[in-house]
Each structure stands twice: as C-alpha cells, then as structure tokens.
Amino acid sequence: MTVMEQRGAYKPAPPPAWQPRTDPEPLLPDAEPYRVLGTEAAAKADPELLRRLYAQLVRGRRYNTQATALTKQGRLAVYPSSTGQEACEVAAALALEDRDWLFPSYRDTLAVVARGVDPVEALTLLRGDWHTGYDPYEHRVAPLSTPLATQLPHAVGLAHAARLKGDDVVALALVGDGGTSEGDFHEALNFAAVWQAPVVFLVQNNGFAISVPLAKQTAAPSLAHKAVGYGMPGRLVDGNDAAAVHEVLSDAVRRARTGGGPTLVEAVTYRIDAHTNADDATRYRGDAEVQAWRDHDPIQLLERELTGRGLLDEAAVQAARDDAEAMAADLRERMNRDPELDPMDLFAHVYAEPTPQLREQRALLRAELEAEQEGGHR
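Conventions adopted
- Residues numbered from 1 in each chain as written.
- Predicted model: local features only at pLDDT ≥ 70, side-chain atom pairs only at ≥ 80, totals over all residues.
- Heavy atoms only, no water.
- UniProt positions renumbered as here; feature names shortened; annotations may be inferred.
- Helix = DSSP H or I, 4+ residues; strand = E, 2+ residues; numbered from the N terminus.
- Buried < 20%, exposed > 50% of the residue type's maximum accessible area, 1.4 Å probe, protein only.
- Contact = heavy atoms within 4.5 Å.
- Areas by Shrake-Rupley, 256 points an atom, 1.4 Å probe, with all protein chains shown as cover.
- Axes fitted to C-alpha atoms, helices over the stretch in contact; angles between N-to-C directions.
- Parallel < 35°, antiparallel > 145°, perpendicular 65-115°, else oblique.
- Left-handed = near helix turned anticlockwise from the far one by under 90°.
- Pairing = 2+ DSSP bridges.
- Right-handed = clockwise from strand over helix to strand, strands pointing away.
- Nonpolar A, V, L, I, M, F, W, Y, C, P; charged D, E, K, R; others polar.
- Core = buried A, V, L, I, M, F, W, Y, C linked by side-chain atoms within 4.5 Å.
- Expected span 1.5 Å × (residues − 1).
- Salt bridge = Lys/Arg side-chain N within 4 Å of Asp/Glu carboxyl O.

In the annotation of an unreviewed UniProt entry, the entry for the chain reads Pyruvate dehydrogenase (Acetyl-transferring) E1 component subunit alpha, and the organism field reads Streptomyces mangrovisoli. Turning to the chain, the UniProt record has this under Cofactor (unreviewed entry): "thiamine diphosphate".

Here is the structure:
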C-alpha cells in the first residue's frame, strides 16, 4: 500500500477551469481619446462650467508666461512650464471637492494655484526659499513633488487611510508620462487596486520625459491600457479639451467616492515650452511638430466652442484677459520683492519633534550667526 492509498490520505483534486480574476473588457480605454468640444456632446455641457474653465485657462496661460519671465529675470531658480497643458491642470483642480486632496508633481504649480493656493506661495519651492511655500492642509494640496512619481504612493496611502476612517475623501494624483516608467507608479497602482482606494491617477502624456519620447518608454497601446493589468479602469482623453478632461475626471472622482475604486486617466497633451528654462527642446523635436500642437491649443478650442454657440462675447473675452493680467501684475510685483529669510527656518517643519541631531545642528548654526553678528559690531 502506498502512502497515497492509506485511509485519510490527501488526494489532490483536479485543477478547476481557469477563470480571469477580473473581466478585462470594462477596464479597457476607448480606442480614441475622448472629446467633447466640437462634437455633439458639447451641447450637453454646462455653459457656466465652460465659461469658468475658459477664464481659468486664460488665467493659467498668463501665469505660465509670467513665471517663465520671472525665471529669465533671476527671480526663480527654475520653472517647468505647463503651457499647452492648461486644460489638464485646471480640470484636475475643478473636478475635486474642497474636502479632497490634490497630489501634484513639480510641473503642476498651475493646478496648485487653480486649487486656491497663493501664486507666490506656489512658486516658493522653485525660488529655492522653502521645500514648500504653502500649508498643505489649508487647501488640501500636497507639496510639489520633484522626484518622479513619489507622490503617487502618498496619494494612495492618504486615500486608503481616509476610507478606513470613514472620511468622504478622494485623492487625485498628477504625474507625467515619464513618471509611469518609475517603480513608484507600479507600486501605487497595484496597492490602489488591491485596496480599492478612492484615488484617481491623471497621467499628462505630453510626449516627452525631458527629451525621451514616449515610444522609447513603453510599447503599450496607450498608457491608459496599463490600468487593465492592475485591475482598474483606464480612460483615454484629449488632454487639450478642457470639457472632456473635466468630465472624465469628475466621473472618476465620483466613482472613487462611491466605492468604485481607483481609475487611471491618460490625457494626451503636449508640452509647448521646453522641459525647463535649462532645456533646449530644439535638439529633440522640430518646429512643425510644435506648431501642429499650437493649432490644437486648449484655449482656442474652448473659445471657438463658446463663441460659436453664443456663450462668450468680446466683453467676456476681454474680462478674462484683464483678470489674468491683474493676477500677473500682482505676481510680478510680489516676486520682485527680496524675501526676508531667517536661516534658522532651515530647521522648522522638518520633524514634528526635532531629533537630537537637528537640535545640535540648530544650536551650532545659531552660535555661528551670533558670533558673526558680534564680529560685525566691532
């Protein structure tokens, strides 16, 4: 008698027929980026929302040009412009409720400002004065993240914690196409799907990770298709169509809030300006390519829709421009003031309770500053 023939011996059952863990069909993105402007769907869009989006786009474009000018004048150390991507930035901010959280990357200062953060405070990091120049809790905006994609796991963690506490909160995390090549992107999406965390990932696919084109980063049909592998829906949208981006993000936020779990949204857009003021974009792309995207400008698309339907007149266009110019003038005036910096602030807001090493360093710097001050009075 063999061991397997003994009474009570384990007898393996035949393997069950393989079943997919999740039906992939509902998770697949559309074959083409979703659009509203210039289609029949535009007639169903809220006119007030469209006008609000337009005013914010105009304001956002002026913010970008003013910040770029401040960089050239030496008032900012660096500025990653989002010119051409304003529809994504503005729609992301407007799709959230006040109780929700926004997790931006370094290029998303416009989304931060559209969320309500003071423009000067939003630029403080890029000026080199603070790690972040605003209180994240005031407008529920996480600090700007310079390392690629590290903000994504943070967004998942906050969203998961909010759900465990019973808080009605959704996190929306912004990332570029380059960030999807980072391990943090994988970890964030995997945990979000497993935990069914109320989080939305918006990938702004602007064509390049600095100078590396998307084709050299991934062979996937689209970045939205990556969602299927994690078990969440992927949505593909025209990133220059503000109405479409807002609709898709609002749907994803609503789904997350009602327990539907995370969504990955890919917004196909284009970075009109160079990566930063330190980049020469002419080395990796041609003028004809840039011009083709200028012809698909998010402001022009929305203005054409609104004026064509009689929802925007010359007075309203001028009012939006005047408001944007006033914002730029105020930003320019305040950024041209020399900041009053206290070196001791280096040790503030690092830890809730300063470590012994931090206290020692703080005491050392204070002694050096006092000695320097005494020497100057002799």
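Undergrad: Would you take a moment to explain the overall build of the chain for this structure?
TA: Helix and strand counts for the chain come out as 14 helices and seven strands. For the C-alpha atoms alone, the extent of the chain along its principal axes is close to 100 × 65 × 45 Å. Evaluated residue by residue, the chain yields a buried proportion of 45% over its 378 residues. In the chain, the share of contacts with a sequence separation of at least 24, taken over all contacts with a separation of at least 6, comes to 75%. Carbon and sulfur atoms make up 52% of the accessible area of the chain, which totals about 19600 Å².

Undergrad: I tried to follow the environment of Glu 360 on my own but got confused; where do I start?
TA: Following the sequence through the fold, Glu 360 ends up in helix α14 (residues 356-377). Separated by ten residues in sequence, Glu 360 and Glu 370 place their C-alpha atoms 15 Å apart.

Undergrad: Would you take a moment to explain unusual backbone geometry for this structure?
TA: If a residue is not glycine, its phi is most likely negative; likewise, a peptide bond is most likely trans. If you check the backbone angles, Gln 196 has positive phi at about 55 degrees while not being a glycine. Mapped onto the secondary structure, Gln 196 falls in the loop between α8 (183-195) and β3 (199-205). Judged by relative accessible area, which is 30%, Gln 196 ranks as partly exposed. You will see that His 349, though not glycine, has its phi angle at about 65 degrees, which is positive. Within the secondary structure, His 349 sits in the loop between α13 (314-335) and α14.

Undergrad: Honestly, the UniProt feature "domain: Dehydrogenase E1 component" (unreviewed entry) in the chain in this entry has me stumped. Any pointers?
TA: UniProt records the feature "domain: Dehydrogenase E1 component" (unreviewed entry) at residues 66-343, using the numbering of this structure. Across residues 66-343 one finds 45% helix and 11% strand; the C-alpha atoms that close the span lie 29 Å apart.

Undergrad: Help me out: how do you make sense of the packing of helix α1 (residues 47-72) against α13 in this one?
TA: Between two packed helices, the angle of one axis relative to the other and the distance separating the axes together describe the packing. Packing of α1 against α13 brings their axes to within 9 Å, and their N-to-C directions diverge by 30 degrees. Classified by the interaxial angle, the pair formed by α1 and α13 is roughly parallel. Seen from above, α1 lies across α13 with right-handed handedness. Every residue of α13 that contacts α1 at Tyr 54, Ala 55, Val 58, Arg 59, Arg 62, Tyr 63, Gln 66 and Leu 70 is listed here: Val 317, Ala 320, Arg 321, Asp 323, Ala 324, Glu 325, Met 327, Ala 328, Leu 331, Arg 332 and Met 335.

Undergrad: Looking at this structure, how should I read the pairing of strand β2 (residues 171-176)?
TA: Put simply, side chains in a regular strand alternate between the two faces of the sheet. With five of six residues buried, β2 lies mostly within the body of the structure. By the bridge criterion, three bridges tie strand β1 (residues 101-103) to β2 in an arrangement that is parallel. Among the inter-strand pairings, Leu 102 is bridged to a residue of β2, identified as Leu 172. With six bridges connecting them, β2 and β3 associate as parallel partners. Bridge pairing in β3 places Gly 176 opposite Gln 204. Read from β2 through α8 to β3, the crossover connection turns out right-handed.

Undergrad: Please clarify how the sheet that holds β3 should be interpreted in this entry.
TA: Note: strands within a sheet are paired through backbone hydrogen bonds, in either parallel or antiparallel orientation. Reading across from one edge, β1-β2-β3-β7-β6 is the order of the five strands in this open sheet, with parallel pairing throughout. Where the open sheet ends on each side, the last strands, each with one partner, are β1 and β6 (234-238). Neighbouring strand axes in the sheet, compared pairwise and without regard to direction, differ in orientation by 20 degrees on average. Strand contacts of helix α2 (residues 86-94): β2, β3 and β7 (263-268), with the helix running at about 170 degrees to β3, the strand carrying the most contacts.

Undergrad: What should I look at first to understand the packing of helix α7 (residues 151-165) against α8 in this one?
TA: Where α7 meets α8, the closest approach of the two axes is 8 Å, and the angle between their N-to-C directions is 15 degrees. The pairing of α7 with α8 is recorded here as roughly parallel in orientation. Two packed elements cross with a definite hand, and for α7 against α8 that hand is left-handed. Seen from α7, the contacting residues are Leu 152, Pro 153, Val 156, His 160 and Arg 163; seen from α8, they are Asp 184, Phe 185, Ala 188, Phe 191, Ala 192 and Trp 195. Here the contact of α7 with α8 is composed, by residue class, of eight nonpolar, one polar and two charged.

Undergrad: Before we go on, may I ask you to explain the nonpolar core in this structure?
TA: It is characteristic of soluble globular proteins that their nonpolar side chains tend to be buried jointly. Counting residues in each nonpolar core, the largest one holds 64 residues, and the members touching the most others are Tyr 54, Tyr 63, Leu 123, Leu 172, Leu 202, Leu 249 and Leu 302. Tallying contributions element by element places helix α10 (residues 242-257) first for this core, with nine residues.

Undergrad: Please explain α10 as it appears in this structure.
TA: Because each turn of an α-helix spans 3.6 residues, side chains separated by three or four positions end up pointing in the same direction. Compared with the 22 Å implied by 1.5 Å per residue over 16 residues, the 22 Å span of α10 between its first and last C-alpha is a close match. Ala 242, Ala 243, Ala 244, Val 245, His 246, Val 248, Leu 249, Ser 250, Ala 252, Val 253 and Ala 256 are the residues of α10 that are buried. Positive backbone phi, approximately 90 degrees, marks Gly 259, located one or two places after α10.

Undergrad: So what exactly am I meant to see when it comes to the pattern of salt bridges here?
TA: A side chain of one charge can pair with a side chain of the opposite charge if their charged atoms are brought near each other. Following the criterion strictly, the structure yields 18 salt bridges and no others. For Asp 238, the salt bridge goes to Arg 35, with nearest N and O atoms at 3.1 Å. Separated by 203 residues along the polypeptide, Asp 238 in strand β6 and Arg 35 in the segment before α1 bring together distant segments of the chain. Its relative accessible area of 4% is what places Asp 238 among the buried residues. The closest approach of N and O atoms between Lys 165 and Asp 167, which form a salt bridge, is 3.7 Å. Each member of the salt-bridge network shares a partner with another, and the members are Arg 99, Asp 100, Asp 168 and Arg 257.

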